[in-house]
Amino acid sequence: WYAEQERRYRGNPELLKQEFPATPQEAFIGMSGLVFPMWDEEVHLAEDPCGWKDYRVRVAGVDPGGGDPTAIVPLGATRAWHIHQPGEYYRPGPNSAHLDEMASYLMNWHTEAPFDAVLVDPGDNAVINYLANIGLPAMPADNDRSAILDLRALLSERPARFTMNPACVNSRKEFPTYRWRPGTDPNSKEHFLTSTPFDNHGDAHDCRRYA
């Protein structure tokens, strides 16, 4: 019976989960409008596939956040181009109070095996310059929001092309609550990302988009 429902709702997974939840988690999450309805912790949470120095590409996205949570997301690409998030930095409060802490977190990864790039919110030159001055390959990120579609594609692939270490608890919390803004551009019909009505800022999502 459920296979028949999946066939009927093929191409519209969030409506399937809304009407016919298969797990308790699906039953208690409002799926309508989610940017990542394909997020599945049983599929996308995994232990690190290799050591940090063994990734072929190592990058980090940095969202200083201002008064919102400050987030850093390191990402590694394996030899088979599997993308994995092995850790996270996630702190509330103004970024100026955490600059040294942010730098220390990044340098710990960089010392073990160097980053190829550290992509920072392009609106925060002070953070970019600070990180560059201590020897990190910091540069302004491309702020193109369409990059979120690349992550949607990675999450939709089976076997999974994107995974996250289960210890990244704050990053995990953002997936089931990150929604499209309820509206479209009248000309391009483009959807826009937004935070949830519950003030989930999506800072780790911004970091992944930069990276």
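The structure presented is a predicted model; accordingly, all values stated were derived computationally and were not measured.

Caption draft 1: The overall build of the protein, seen in detail. The helix and strand tally for the protein stands at nine helices and nine strands. Evaluated residue by residue, the protein yields a buried proportion of 45% over its 211 residues. Pairs at least 24 residues apart make up 59% of the contacts formed inside the protein by residues separated by at least 6 positions. A total of about 10800 Å² of accessible surface is found on the protein, and carbon and sulfur atoms cover 52% of it.

Caption draft 2: Representation of the pattern of salt bridges within the structure. Scanning all chains against the criterion turns up six salt bridges. Where Glu4 meets Arg7, a salt bridge forms, and the shortest distance between an N and an O atom there is 2.6 Å. Here the residue Glu4 and the residue Arg7 both occupy positions in helix H1 (residues 2-8), the gap between them amounting to three residues, near one helical turn. We classify Glu4 as partly exposed; its relative accessible area is 35%. Looking at Arg7, the relative accessible area reads 43%, which means it is partly exposed.

Caption draft 3: The environment of Arg172, seen in detail. As for its position among the elements, Arg172 is in helix H8 (residues 169-174). Here the alpha-carbon distance between Arg172 and Leu45, two residues 127 residues apart in the chain, equals 8.8 Å. Once residues within four sequence positions are removed from consideration, Arg172 is found in contact with Trp39, Glu41, Leu45, Met164 and Pro166. A polar contact is formed between the side chain of Arg172 and the backbone oxygen of Pro166, at a distance of 2.7 Å.

Caption draft 4: Representation of the nonpolar core in the model. Phe36, Trp39, Leu155, Phe162, Met164 and Phe175 are the most contacted members of the largest nonpolar core, which totals 28 residues. For this core, the elements supplying multiple residues, two or more each, are strand S2 (70-77), strand S5 (117-120), helix H7 (148-156), strand S7 (162-164) and helix H9 (203-210). With residues up to four places along the chain from it excluded, the contact list for Trp39 reads Lys17, His44, Leu45, Leu155, Phe162, Met164, Arg172, Phe175 and Pro176. One finds Tyr105, Trp109, Val120 and Leu136 within the second-largest nonpolar core, a separate group that totals 21 residues.

How each quantity is defined
- Residues numbered from 1 in each chain as written.
- Predicted model: local features only at pLDDT ≥ 70, side-chain atom pairs only at ≥ 80, totals over all residues.
- Heavy atoms only, no water.
- Helix = DSSP H or I, 4+ residues; strand = E, 2+ residues; numbered from the N terminus.
- Buried < 20%, exposed > 50% of the residue type's maximum accessible area, 1.4 Å probe, protein only.
- Contact = heavy atoms within 4.5 Å.
- Areas by Shrake-Rupley, 256 points an atom, 1.4 Å probe, with all protein chains shown as cover.
- Salt bridge = Lys/Arg side-chain N within 4 Å of Asp/Glu carboxyl O.
- Polar contact = N/O pair within 3.5 Å; in protein donor to acceptor, adjacent residues only side chain to side chain.
- Core = buried A, V, L, I, M, F, W, Y, C linked by side-chain atoms within 4.5 Å.

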